[in-house]
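# Report on the structure
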Amino acid sequence: MDLRYITHPRIIFSRSSVLSRPCPVPAEAGVYAWFFKDVPPGVPTEGCISENDLHLLYVGISPDKLGKPDSRQNLRTRISNHYRGNAEGSTLRRSLGILLQPFSGFPLRRVGSGRRMTFTHIGEQWLDNWMEENAFVAWFEDDAPWVIEDALLASIGLPLNIKGNKHHPFSSDLSQMRRQAIQKARDEAIANEDNQSRRC
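The structure reproduced in this document is the subject of the present report. Every chain is numbered on its own, with residues counted from 1 as its sequence reads. Local features in this predicted model are restricted to residues of pLDDT 70 or higher, and side-chain atom pairs are both shown and tallied only at a pLDDT of 80 or more, whereas totals for entire chains, interfaces and linings draw on every residue. The basis for every side-chain value is the complete set of heavy atoms in the structure, and neither hydrogens nor water enter the calculation.

Further remarks concern the pattern of salt bridges. Only one rule defines a salt bridge in this text: a Lys or Arg side-chain nitrogen within 4 Å of an Asp or Glu carboxyl oxygen. As enumerated under the stated definition, the model contains six salt bridges in all. When the shortest N-O distance is used, the salt bridge between Asp 128 and Arg 15 registers 3.5 Å. With Asp 128 in helix 5 (residues 120–134) and Arg 15 in helix 2 (residues 15–18), the pair connects residues that are 113 residues apart, well separated along the chain. Note on exposure labels: buried denotes an accessible area under 20% of the residue type's maximum, exposed denotes more than 50%, and partly exposed covers the range between, all computed with a 1.4 Å probe on protein chains only. Looking at Arg 15, the relative accessible area reads 9%, which means it is buried. For Arg 94, the salt bridge goes to Glu 88, with nearest N and O atoms at 3.5 Å. With a relative accessible area of 37%, Glu 88 lands in the partly exposed category. Here the residues in one salt-bridge network are Arg 15, Arg 93, Glu 124 and Asp 128, joined through shared partners. A run of H or I in DSSP becomes a helix once it reaches four residues, and a run of E becomes a strand once it reaches two; helices and strands are each numbered from the N terminus.

Pasting the structure below:
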């Protein structure tokens, strides 16, 4: 296929557009691409697709039938989860929150029983607002999205991808930052989230 359908999409959607009703994202299999206005500090953009002041930094697929054969995910559920979920269920949110922690002031923390890690309710809200201003998404429907994902990872710079992207020089840096943030969260007490509410 022509990769320009995903690298140079005709329409790019914001968080509020994706979470509107009816949701514009199809409940189908496919690949999605994340474009950013403000690039998180330290993230290199060399070799990235840049257009109209937006930088393509991450791609994902749903479902991943190769890695998770029984997955019932689709583009709608996965993209919505990245936009309104938390760092426990979204690797993109976890990476962004860790990279942006010097600005947000919300490190990764153990929450609830201590088995989950998020940026706490208010930290995830801060990330929601940052993504509304800076994170935009496009998608392409396909029954075998992993084929497109592999082609994208091999042909362009995607610094926020880790899986299947070891050849990118930032991949090891991001992996190390994530490991350090996880270890620090394990060393800290469980966060007290009483009287904090999550806005949708």
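At their nearest, the axes of helix 4 (residues 91–104) and helix 5 sit 11 Å apart, and the two run at 95 degrees to each other. The angle between helix 4 and helix 5 falls in the class roughly perpendicular. Along its contact with helix 4, which presents Arg 93, Leu 96, Gly 97, Leu 100, Phe 103 and Ser 104, the element helix 5 presents Glu 124, Trp 126, Leu 127, Asp 128, Trp 130 and Met 131. Throughout this entry, Asp, Glu, Lys and Arg are counted as charged residues, while Ala, Val, Leu, Ile, Met, Phe, Trp, Tyr, Cys and Pro are counted as nonpolar. The remaining residues, Gly among them, count as polar. For the contact of helix 4 with helix 5, the class distribution of residues is seven nonpolar, two polar and three charged. Whenever a helix is involved, its axis is fitted only over the stretch in contact; in every case the axis is a line through C-alpha atoms, and angles between N-to-C directions fall within 0 to 180 degrees. Here the angle decides the label: under 35 degrees means roughly parallel, over 145 means roughly antiparallel, 65 to 115 means roughly perpendicular, and every other value means oblique. Contacts are residue-level and defined by heavy atoms, with any inter-residue pair within 4.5 Å sufficient.

Where helix 4 bends most, at Ile 98, the angle is about 40 degrees, and the proline Pro 102 comes one to four residues later. Where helix 4 is concerned, the buried positions are Leu 92, Arg 93, Arg 94, Ser 95, Leu 96, Gly 97, Ile 98, Leu 99, Leu 100 and Ser 104. Just downstream of helix 4 lies Gly 105, where phi reads positive at about 80 degrees. The angle between axes fitted to the seven-residue stretch ending at a residue and the seven-residue stretch beginning at it gives the bend at that residue.

Below, the discussion takes up the sheet that holds strand 1 (residues 30–36). Here a strand pair is declared whenever DSSP counts at least two bridges between the two strands. Taken together, the four strands give an open sheet; going across it, the order is 2-3-1-6, and neighbouring strands pair in antiparallel fashion. In this open sheet, the two strands that pair with only one neighbour each are strand 2 (49–51) and strand 6 (135–141). Neighbour to neighbour, the strand axes of the sheet diverge by 35 degrees on average, direction disregarded. By the bridge criterion, seven bridges tie strand 1 to strand 3 (residues 54–62) in an arrangement that is antiparallel.

Between rings of Phe, Tyr and Trp, where Trp is taken as its six-membered ring, a pair exists when centres lie within 6.5 Å; planes separated by under 30 degrees are stacked, by over 60 edge-to-face, and by other angles tilted. Under the counting rule described, the total for this entry stands at four aromatic pairs. Centre to centre, the rings of Phe 13 and Trp 139 are 4.6 Å apart; their planes meet at 25 degrees, and the pair counts as stacked. Here Phe 13 is found in the loop between helix 1 (4–7) and helix 2, whereas its partner Trp 139 is found in strand 6, with 126 residues between them in sequence. Among the residues examined, Trp 139 registers a relative accessible area of 16% and is labelled buried.

A few words on the pairing of strand 6. Within a regular strand, side chains alternate between the sheet's two faces. Of all seven residues in strand 6, five are buried; the element is thus mostly enclosed. With seven bridges joining them, strand 1 and strand 6 adopt antiparallel strand pairing. Residue pairing in the sheet places Phe 36 in a bridge with Ala 135 of strand 6.

Here we take up the packing of helix 3 (residues 75–84) against helix 4. In the contact formed by helix 3 and helix 4, the axes pass within 8 Å of each other and the chain directions differ by 25 degrees. In terms of their interaxial angle, helix 3 and helix 4 are classed as roughly parallel. By crossing handedness, the relation of helix 3 to helix 4 is classed as right-handed. Across the interface between the two elements, Arg 78, Asn 81, His 82, Tyr 83 and Arg 84 of helix 3 pack against Thr 91, Leu 92 and Arg 93 of helix 4. Class assignment of the residues belonging to the contact of helix 3 with helix 4 gives a composition of two nonpolar, three polar and three charged. By definition, any crossing whose near helix is turned counterclockwise from its far helix by less than a right angle is left-handed, and any crossing with a clockwise turn is right-handed.

This paragraph deals with the nonpolar core. Judged by nonpolar contacts, the single largest core of 36 residues is most densely connected at Trp 34, Phe 36, Ile 79, Tyr 83, Leu 96, Val 137 and Leu 160. Secondary structure elements with two or more residues in this core: strand 1, strand 3, helix 3, helix 4, helix 5, strand 6 and helix 7 (169–187). Here Val 137 is in contact with Ile 12, Phe 13, Val 18, Tyr 32, Ala 33, Trp 34, Ile 79 and Tyr 83, once residues within four sequence places are set aside. Val 59, Phe 136, Trp 146 and Leu 158 belong to the second largest nonpolar core, which has 17 residues in total. By convention a nonpolar core is built from buried Ala, Val, Leu, Ile, Met, Phe, Trp, Tyr and Cys residues, the set being connected through side-chain atoms within 4.5 Å.

Taken by themselves, the reported measurements are silent on function.
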